[in-house]
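# Notes for the structure review
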Amino acid sequence: MAPAAMTFASSLSDVQPVSYWLDDPTRPAPLPALTGDERCDLLVVGGGYSGLWTALLAKERDPGWDVVLIEGHEVGWAASGRNGGFCAASLTHGLGNGIARWPGEITELEEMGARNLDAIEETVARYGIDCDFERTGGIDVATEPHQVAELREMYEEAARLGFDGLELLDRDAVRAQVDSPLFLGGLWDRKGTAMLHPARLAWGLKRACLDLGVRIYENTRGLELASSASGAAVRTPYGRVFARRVALGTNVFPSLVKRVRPYTVPVYDYALMTEPLSEEQLSAIGWKGRQGLGDVANQFHYFRLTADHRILWGGYDAVYPYGGRLSAELDHRPETYLKLAGHFFRYFPQLEGVRFSHAWGGAIDTCSRFSAFFGTAHGGKVAYAAGYTGLGVGATRFGGEVMLDLLSGRRTERTRLEMVRTKPLPFPPEPVAWAGIGLTKWSLARADANGGRRNAWLRTMDRLGLGFDS
């Protein structure tokens, strides 16, 4: 092993293979599993953000509704307890993706996204959810000359559409915010992102749901969905739930509506967390604004500060397992951890000697348009939302609103959206999916290395509305 690689490896010598967010003394004890039969007005399947927001919003809309939520493991155990804690206003996986896919709706979508983030902030305050919520904004950073031009184009396009919350930063200005020798420019969205402790948000939503009367059963996996005389029924390992309506928030896990499954694939994403930084180390990088950051390469990194002055450093590798296999073995990938550590010290050489305390991974529900899609089944008695593609901390609340709108049968400002009424293209069966995703990843890496120039394969995927993004 080369000396530099040895240095990177030594930074991982004490790392714990567990999500930093879940390694928390405030983690609540699991609730009992469902045994026997239950009946309710609304059954929510899935105890991540998608299900929790849906259950909470249902009780806020109608306190008289009898709501049950079942979760296959523990609330917040999967993506909701493993993400970076970036709670973004965007409902479309960024302004650029939204403009490309729904140009006629982008103003309305951006307004709805801003209201959604405001509502999350208000909910956190109203229920006293201790999740380190900070409305610090986010900065997209350029580390290559062609990315500087891309950020300027996005800034100009946003200004043309009347979005005035962005600030274009040159090299000196971005390094005045966060000092990395690799930063050449930035685009600062001052209002559109909050940083938070993701697992504590999930646990706080769980507590709020319980306080409003939602019955939650953990370690209760939904095995099978079928219509019933009064609505729909879901079979679990030790019982059944009969409900008038069902909302599916299972995201990366196989949908109980089988025809939905080809629309998503699991992509594994990985992250490192440093030990707490000293005052001297913090001073060396600045970052007094505590914004969330991400570079704008195709294979990108995301990074942020925690409340106890650690740096979360994640992204870059996006690993698709053949056949869409979900496995606990894929939650850890030492070769990716080593790669991420090397990248970290290239970005922040002034932090040489810092060690990592936690390393973990998890699966993202990816769809071909990078943002959520919605629908109903069983004659409108079942609704689903999926495909958030790694930007679901905030957008899942909007998804919960959409599912409840769809189950009500009423036409609303949300259900009228083309984004809600249409679906992405499904992924092809294996081995075509494996080959296509592999070729796309290779092409994206080539584009990063060649000034952003997209090859014929990527241009074809663009025309078809297909893609691959971590």
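Residues numbered from 1 in each chain as written. Predicted model: local features only at pLDDT ≥ 70, side-chain atom pairs only at ≥ 80, totals over all residues. Heavy atoms only, no water.

## Quick look at the layout of surface pockets
Of the volumes computed, that of the second largest pocket is approximately 420 Å³. Lining the second largest pocket are 25 residues, with Arg 261, Pro 262, Thr 264, Val 265 and Pro 266 sitting closest to its centre. Of all the elements in the fold, those that place two or more residues in the lining of the second largest pocket are β12 (265-274) and β18 (382-386). For the lining of the second largest pocket, the element with the highest residue contribution is β18, accounting for three residues. Residue composition of the lining of the second largest pocket, by class: 17 nonpolar, six polar and two charged. (1 Å grid on protein atoms, 1.4 Å probe; cavity = no way out; pocket = protein on both sides within 12 Å on 5 of 7 lines; lining within 4 Å. Points joined across faces, edges and corners; volume = space filled by probe spheres on them. Helix = DSSP H or I, 4+ residues; strand = E, 2+ residues; numbered from the N terminus. Nonpolar A, V, L, I, M, F, W, Y, C, P; charged D, E, K, R; others polar.)

## A closer look at the pattern of salt bridges
This structure, assessed with the given rule, holds 31 salt bridges. Among the salt bridges present, the one from Arg 135 reaches Asp 118, with a minimum N-O distance of 3.0 Å. On the criterion of sequence distance, the pair formed by Arg 135 in the loop between α4 (106-126) and β4 (138-142) and Asp 118 in helix α4 is long-range, its members being 17 residues apart. Take Asp 118: its relative accessible area is 41%, and that puts it in the partly exposed class. Notably, a salt bridge pairs Arg 207 with Asp 211, separated by 3.9 Å at the nearest N-O pair. Taken together, the positions of Arg 207 and Asp 211, both in helix α7 (residues 198-211) and four residues apart, correspond to about one turn of that helix. Judged by relative accessible area, which is 37%, Arg 207 ranks as partly exposed. Note on Asp 211: relative accessible area 57%, which makes it exposed. Taken together, the shared-partner salt bridges in this structure form one network comprising Arg 61, Arg 397, Glu 401, Asp 405 and Arg 414. (Salt bridge = Lys/Arg side-chain N within 4 Å of Asp/Glu carboxyl O. Buried < 20%, exposed > 50% of the residue type's maximum accessible area, 1.4 Å probe, protein only.)

## Considerations on the environment of Ser 357
Tracing the backbone shows Ser 357 in strand β16 (residues 356-366). When its relative accessible area of 14% is taken as the criterion, Ser 357 is described as buried. In this structure the C-alpha to C-alpha distance between Ser 357 and Thr 389, which are 32 residues apart in sequence, comes to 26 Å. When sequence neighbours within four positions are dropped, the list of residues in contact with Ser 357 reads Asp 14, Val 15, Gln 16, Met 273, Thr 274, Glu 275 and Arg 310. Polar side-chain contacts of Ser 357 include one of 2.7 Å to the side chain of His 358. (Contact = heavy atoms within 4.5 Å. Polar contact = N/O pair within 3.5 Å; in protein donor to acceptor, adjacent residues only side chain to side chain.)

## Digging into the packing of helix α12 (residues 432-449) against helix α13 (residues 456-464)
At a closest axis distance of 9 Å, the pairing of α12 and α13 adopts a crossing angle of 115°. On the basis of the axis angle, α12 is roughly perpendicular to α13. As α12 packs across α13, the resulting crossing turns out to be left-handed. Taken together, the residues of α13 that come into contact with α12 (itself represented by Gly 436, Leu 439, Thr 440, Ser 443, Leu 444 and Ala 447) are Trp 457, Leu 458 and Met 461. Residues belonging to the contact of α12 with α13 are distributed by class as follows: six nonpolar, three polar and no charged. (Axes fitted to C-alpha atoms, helices over the stretch in contact; angles between N-to-C directions. Parallel < 35°, antiparallel > 145°, perpendicular 65-115°, else oblique. Left-handed = near helix turned anticlockwise from the far one by under 90°.)

## Remarks on helix α10 (residues 392-408)
Taking 1.5 Å per residue as the helical rise, α10 with its 17 residues ought to reach 24 Å, and the 23 Å between its terminal C-alpha atoms agrees with that figure. Burial within α10 is extensive, with 15 of its 17 residues counted as buried. One or two steps after α10, the chain reaches Gly 409, where phi turns positive at roughly 80°. (Expected span 1.5 Å × (residues − 1).)

## Section: the packing of aromatic side chains
In the structure shown here, the tally under the stated rule is 24 aromatic pairs. Summarising the aromatic geometry, the rings of Trp 313 and Phe 348 are spaced 6.4 Å apart at their centres and angled 70° between planes, so their arrangement reads as edge-to-face. With Trp 313 in strand β15 (residues 311-315) and Phe 348 in the loop between α9 (334-347) and β16, this residue pair connects regions lying 35 residues apart in the sequence. An angle of 75° between the planes, with centres 5.3 Å apart, marks the rings of Phe 344 and Phe 356 as edge-to-face. Pair noted here: Phe 344 is in helix α9 and Phe 356 is in strand β16, with a separation of 12 residues, a long-range link. Here the aromatic cluster, defined as three or more aromatic residues joined through ring pairs, consists of Phe 8, Phe 183, Trp 287, Phe 303, Trp 313, Phe 344, Phe 345, Tyr 347, Phe 348 and Phe 356. Arg 82 extends its terminal NZ or CZ atom over the ring of Trp 77, reaching a point 5.0 Å from the ring centre. Taking NZ or CZ as reference, Arg 190 lies 3.8 Å from the ring centre of Trp 188, over its face. (Phe/Tyr/Trp six-rings, centres within 6.5 Å; stacked < 30°, edge-to-face > 60°. Lys NZ or Arg CZ within 6 Å of the ring centre and 35° of its normal.)

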